[in-house]
Each structure stands twice: as structure tokens, then as C-alpha cells.
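An overview of the molecular structure
Given next are the chains, with one letter for each unit.
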Amino acid sequence: VVAIEESAAEATALSGEIVISVESNDTQTYQALADAYMALNPDVNVLVELKSPGTGPDAYLQWVRTQFASEVPRVSIIESVHLRDLAQEGRLLNWAPYLQRENPYTGQKWEDSFEAWGLNLVRDPNTGEMFLMPYMSVQTFWVYNKSMFEAAGITDVPPQPSWDQFVEWNEKLKAAGFIPIAMEGTTEQIWGGGRMPWLMRSAMDQYHRDEIELIRCQEGDWCFREGIDDTWSYDPSDVRNDDPDRISINVTRHLKALHDGEIRFDSECTVEMMEQIGRVFKSEHGFVPEGWTGMTDAYPLFLTQKAAMWMVTGGFYTSFPKDIQSLAEGAYGGSGEVDEDAAKAASEFEFGRFAFPNLEGPCVQGTARANELTSGALAIPLKDRTQNDLEVDFIMFWTSPQGMQIYLENKLDPANLQGGIAGPPLIKGVELPEQWKDIFAQSVFVGNYEKPGAPGDAVARGFFKYEETKREWSIMVQEFFEGTRSAEEFAQDYQKLLEDNFAGMLEYLNMTEDDLASPEKRPPGWVAAGPY
């Protein structure tokens with residue numbers, strides 16, 4: 001390893017400046033990476049200029065876009081899954097050519113350092129283009145307070161319960177005097193990607209699974225792959241049946257099916273889906289905190305053992321003990337209201353986990369899947385070749401076993417209150433400490449709904465991540481939970497939301513109605529920047 005390090009530093013003779021501007025408060029980890037890199041490349045200055053989260057769901061994205069107001073952004077490394085517009089405008093670096101090069105910090109082809117499934121989820125299967133770089137994995141699931149479950153008489157907690165079981169647990173917990181679920185429900189939390197959208201996306205995936213038959217690439221399409229698409233058959237019992245290495249999706253056929261009404265939302269199935277979700281999350285049932293639709297952070301209710309269940313969207317295992325410590329020390333950094341007496345008395349407790357419950361009903365087409373996917377979405381603004389080469393070299397170091405080991409050691413440092421990881425790294429040859437290896441080995445994998453082959457996710461939270469539809473959808477969801485909008489009204493209005501915004505969505509996707517008329521042709525303006 002030392003020989004590789006020395007030869008890399010001597011051979012590249014790199015110089016210049018790199019600016020890391022990801023959304024995080026974890027200065028310790030990124031500074032450790034920067035220091036280790038500068039030790040190998042003394043003529044490079046790496047500046048760690050992190051952007052603190054918690055200033056609104058869209059604040060970081062707004063800041064990123066202001067950086068591109070200048071012809072050449074000063075920042076080097078940004079991180080977000082919502083950069084489609086910048087990729088379409090040709091403002092982001094395409095990682096694909098670099099992945100074929102040798103990583104000077106390993107002596108091997110860079111792509112070979114990654115778990116193949118991770119890269120396959122974020123690059124265009126037809127062109128190979130890739131604008132977002134993953135490096136970690138993540139899984140969403142539920143955790144529960146074991147003592148509160150026992151006090152409520154709940155003894156059978158399967159790895160993946162049915163929705164009826166989930167409803168029954170909530171009823172028993174409420175009867176025992178507990179808040180069943182710590183959940184926040186402001187429109188900003190729903191629109192910006194809080195816990196509720198993860199559940200709504202999983203639900204839509206269960207109700208729209210078979211539409212893959214409409215949106216798959218057909219023989220003669222620009223995206224059809226011989227040996228893959230001609231051998232595939234629909235099997236909803238296989239949670240990986242629609243993975244991008246098994247089937248190709250034609251985004252134009254998806255949009256055409258929505259435009260022509262082959263896929264609709266003003267249906268009895270949308271009503272069924274909302275009514276099932278409402279059995280738990282409508283405010284009138286009292287399974288969520290009082291005033292939850294005005295709550296931005298319900299996590300303290302779980303930490304102080306006032307609420308029994310919490311949906312995990314990443315990092316819980318490593319952050320839980322530090323979050324308890326922060327509460328007890330009066331240093332909790334979240335936005336939720338904290339009961340000071342309860343916070344001071346906060347202590348660790350035993351918790352269990354279960355996967356997203358399976359919704360039930362005549363329209364359900366498959367079991368509940370969750371986010372079991374890549375984490376991290378590094379992007380580099382397109383600049384001159386020399387500067388981009390330098391910035392990529394830093395990412396090559398970061399995603400080498402040596403760099404990733406530094407990253408993990410700092411993220412998992414108990415003294416680093418801003419650290420924590422959501423799942424194992426995607427980089428080969430990196431070992432988690434034994435404690436964490438055992439913990440993550442307990443994961444129950446139920447399938448991933450966020451990928452190009454999952455038709456439900458693209459239409460689950462507004463349409464195709466088009467902001468105008470996401471905002472309106474979040475208001476509709478909140479009104480449904482508050483009881484001012486019925487499931488039937490939600491279904492009708494969701495279809496109208498699609499129709500009213502279809503032209504704007506097409507423009508956002510850099511496509512036209514002419515493209516829909518010839519779905520077999522590759523749309524000239526289409527850029528696959530992530531899963532749709």
C-alpha cells in the first residue's frame with residue numbers, strides 16, 4: 001500500500017485547489033479525508049466548506065444552483081440526488097470515462113473497486129452515462145421500543161408484518177397510554193423528503209407494480225437490449241424482477257401511458273391505497289402525536305420513550321447512542337421541541353426492527369419494498385480538463401480502501417456527534433469494525449422500489465420529481481391526514497394534478513410531445529440523471 005501511495009504522489013504531481021461543499025455538519029470526517037489526501041499530494045489545497053443542513057428542505061439545492069450562476073463554479077464537490085436540471089444543461093461531469101481508468105490509489109481499474117449493483121442503479125444502462133457517484137448503501141425500516149411493546153401486550157413482531165398487524169399494534173399501544181408512532185407531518189416535511197414520503201412511495205410501488213409491462217423497452221426501441229429484454233418475464237413475487245440489469249425501461253413509453261390515460265390515478269385502487277394508509281396515519285385515530293401536521297421533528301418523542309415506533313431513513317444504528325447523549329446533555333441539534341426533564345433523564349433502551357408492513361387489498365400487486373439502495377450522490381461541476389482531473393483524483397482517493405477506511409473510522413468515531421452511517425460501503429476491500437458488521441448483518445432485505453424499473457416510484461410523490469407537483473402533492477397528503485380531503489377526492493385531484501402539470505413536467509424532463517409520438521426513438525433531450 002505504501003508503495004502505491006508513494007508512486008501515486010510522485011507520478012501525478014498534482015497541484016491546485018479542491019473545495020468540498022456537501023450538506024453536512026461532520027467537519028471531522030471530511031477534514032480527515034482532506035488532510036490524508038494533502039499528505040499524499042502536498043501541492044493540493046483541499047478546503048472543507050460544508051453546508052449545514054436543517055435550514056429548509058430545499059436550502060442546499062438553492063445554494064448549489066447559485067454556484068452555477070457563474071460560468072465556472074468555484075465549488076468542486078457537491079452531493080444531492082436532485083441535480084437532473086444541471087446534468088441536462090451539461091453542467092455536471094460524466095463519471096463514466098473516469099471509471100474505466102486506473103485508480104492511482106489502488107493500481108486497478110476504478111470501476112472494479114465498487115459493488116456493481118450500486119453503479120447499475122445510478123447510470124444510464126444504454127449510454128453508460130453517470131452523473132452521480134454513490135459510495136455507501138442505505139436501507140429504510142422501522143424500529144420499536146421493546147419494553148413499550150411488551151407493556152402493550154405485543155409479543156409477536158415478525159420481520160415484515162402485515163398492515164392489519166401494524167394497525168393492531170397501534171391500537172394496543174394507544175390503549176396502553178403510549179404515542180404509537182413518532183411522525184412529523186408538515187407540508188415541508190412531506191414535500192422535502194421526511195419520513196412520510198418513504199412510506200407513500202413504498203405504497204405506490206405496491207399498487208403500480210404491473211405497469212412495468214406498459215413502460216418496458218420493446219423490440220425496436222432505442223433502449224432494447226438483446227439477451228436481456230427479450231428473455232425477461234414479469235414476476236411480482238421476485239422483488240428484484242425489475243432491477244435495471246434485468247430489464248430496460250423506456251421513459252417515453254411511461255410518459256405516453258400517463259398522457260394517454262393508460263395509467264390513471266382517479267381509480268378505486270388509489271382510493272383503496274389511501275384508505276389503507278389512513279387507517280394508521282389519519283389524525284383522528286390518535287396513533288401519531290397530537291398536532292403532528294405542524295411538527296417538524298418527532299424524533300425526540302422516540303428517544304425519550306414517549307413514542308413507541310420510529311421510521312428509520314438512514315444512520316440510526318450509529319447515531320442512536322449519540323442522539324441520546326446529546327439530549328441528556330442539552331445539545332440536541334434537531335428542530336423538534338424537547339421536554340427538558342425527559343431529555344435529561346434520557347438513556348439508551350433496547351429496540352427491535354421490522355421491515356415496511358405489507359399493505360393489503362384487492363389492488364395490491366406485490367409485497368412492500370423499501371429503499372435498499374445506494375447512499376451518497378457526489379457530483380462535480382464541469383470545468384476545464386485539468387481541474388476536473390484533479391477533483392476526480394480526490395474522489396478516487398476517497399473511494400479507495402485507504403480513503404474509505406479513513407471515512408468510516410471518523411464516521412464511526414463515538415466522539416463524533418455528527419458522524420454515523422446508514423449501511424455498509426459500496427467499496428470493495430473495506431471492512432467494518434466487528435461490532436458494526438454484526439449489526440448490519442441483521443438487515444432484512446425486502447427489495448428496493450427506487451430504480452429505473454419501478455413504475456410506482458416515479459409517480460409516488462408528485463411526478464418524476466417535478467417540483468410543482470411535489471409541492472401540491474404534499475398539501476393534498478396533509479389535508480387527507482387531517483380529514484379535510486377524502487380518499488376519493490385525493491384520487492380525483494391527483495389525476496388532475498398530473499394533467500394540469502404535464503406540459504411543465506415534459507419541459508422539466510427536456511422532452512416534448514413529439515417525443516411521445518415516437519416512443520421507439522431516443523428523445524434527443526433526455527438525460528438519465530439517476531432513477532428517472
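Residues numbered from 1 in each chain as written. Predicted model: local features only at pLDDT ≥ 70, side-chain atom pairs only at ≥ 80, totals over all residues. Heavy atoms only, no water.

**As for the packing of aromatic side chains**
The final tally for this structure, using the stated rule, is 40 aromatic pairs. Ring geometry for Tyr144 against Phe354: centres 6.1 Å apart, planes inclined by 35°, an arrangement best described as tilted. Taken as a pair, Tyr144 in strand E7 (residues 141-145) and Phe354 in strand E10 (residues 351-354) lie far apart in primary sequence, 210 residues in all. Across the pair, Phe354 and Tyr144 agree in class, each one buried. One aromatic cluster is present, formed by Tyr30, Tyr37, Tyr105, Tyr135, Phe394, Phe397, Trp398 and Tyr407 through successive ring pairs. Cation over ring: Arg201 sits above Trp198, and NZ or CZ is 5.8 Å from the ring centre. The ring of Phe141 has Arg353 lying over it, and the distance from NZ or CZ to the ring centre is 3.8 Å. (Phe/Tyr/Trp six-rings, centres within 6.5 Å; stacked < 30°, edge-to-face > 60°. Helix = DSSP H or I, 4+ residues; strand = E, 2+ residues; numbered from the N terminus. Buried < 20%, exposed > 50% of the residue type's maximum accessible area, 1.4 Å probe, protein only. Lys NZ or Arg CZ within 6 Å of the ring centre and 35° of its normal.)

**With respect to the nonpolar core**
Of all hydrophobic cores here, the largest spans 78 residues; its most connected members are Trp142, Phe166, Leu255, Phe281, Met309 and Phe464. Broken down by element, the residue count for this core peaks at nine residues, all from helix H21 (residues 487-508). Formed by 74 residues, the second largest nonpolar core is a distinct cluster that contains Val122, Leu303, Met396 and Trp398. (Core = buried A, V, L, I, M, F, W, Y, C linked by side-chain atoms within 4.5 Å.)

**Side note on the sheet that holds strand E8 (residues 179-182)**
Ordered in space as E8-E9-E7-E10, the four strands form an open sheet in which the pairing is mixed. Edge positions in the sheet fall to E8 and E10, since each has one partner strand and no second. Ignoring strand direction, the axes of neighbouring strands in this sheet form an average angle of 25°. With three bridges joining them, E8 and strand E9 (residues 307-312) adopt parallel strand pairing. Note on E9: the bridge partner recorded for Ile181 is Met309. Along the sheet face, helix H8 (residues 163-175) touches E7, E8, E9 and E10 and points at about 120° away from the line of E8. Contacts between helix H15 (residues 316-328) and the sheet are confined to E7, E9 and E10, with E10 contributing the most and set at about 150° to the helix. (Pairing = 2+ DSSP bridges. Axes fitted to C-alpha atoms, helices over the stretch in contact; angles between N-to-C directions. Contact = heavy atoms within 4.5 Å.)

**Here we look at helix H18 (residues 401-411)**
Listed in full, the buried residues belonging to H18 are Gly403, Met404, Ile406, Tyr407, Leu408, Asn410 and Lys411. As for H18, its buried residues are in contact with helix H2 (27-40), strand E6 (136-139), H15 and helix H17 (385-398).

**Topic: the state of the cysteines**
Scanning the entire structure with this criterion turns up two disulfides. Between the sulfur atoms of Cys217 and its disulfide partner Cys223 the distance amounts to 2.0 Å. Between Cys217 and Cys223 the disulfide shows an S-S torsion of about -115°. By sign, it is left-handed. For the pair Cys217 and Cys223, one class covers both residues: buried. Two residues share a disulfide in this structure: Cys269 and Cys363, whose sulfurs sit 2.1 Å from each other. Because the sign of the S-S torsion sets the handedness, a value of about -75° for the bond joining Cys269 and Cys363 places this disulfide among the left-handed ones. In this pair, Cys269 sits in helix H13 (residues 268-281) while Cys363 sits in the loop between E10 and strand E11 (372-375), placing the two residues 94 residues apart along the sequence. We classify Cys363 as buried; its relative accessible area is 10%. (Disulfide = S-S within 2.5 Å.)

**Looking at the packing of helix H12 (residues 251-260) against H21**
With their axes 10 Å apart at the nearest point, H12 and H21 run at an angle of 150° to one another. It follows that H12 is roughly antiparallel to H21 by the angle criterion. The chirality of how H12 crosses H21 is left-handed. Along the contact surface, H12 presents Leu255, Leu258 and His259, while H21 presents Leu498, Phe502, Met505 and Leu506. (Parallel < 35°, antiparallel > 145°, perpendicular 65-115°, else oblique. Left-handed = near helix turned anticlockwise from the far one by under 90°.)

**Observations concerning the pattern of salt bridges**
Summed over all chains, the structure comprises 31 salt bridges. In this structure, Asp26 and Lys411 form a salt bridge, with 3.0 Å as the shortest nitrogen-oxygen distance. Of this pair, Asp26 sits in the loop between strand E1 (16-20) and H2 while Lys411 sits in helix H18, placing them 385 residues apart in sequence. Considered together, Asp26 and Lys411 belong to a single accessibility category, that of buried residues. Of the charged contacts in the structure, one is a salt bridge between Arg195 and Glu184, with a shortest N-O distance of 2.9 Å. A residue pair is termed long-range when its members are at least 10 positions apart, and Arg195 in helix H10 (residues 195-207) and Glu184 in the loop between E8 and helix H9 (187-192) qualify at 11 residues. Residue Glu184 is classed as buried on the basis of its relative accessible area, which comes to 1%. Put simply, Asp205, Arg209, Arg240, Asp242, Asp243, Asp245, Arg369 and Lys451 are held in one network by salt bridges that share partners. (Salt bridge = Lys/Arg side-chain N within 4 Å of Asp/Glu carboxyl O.)

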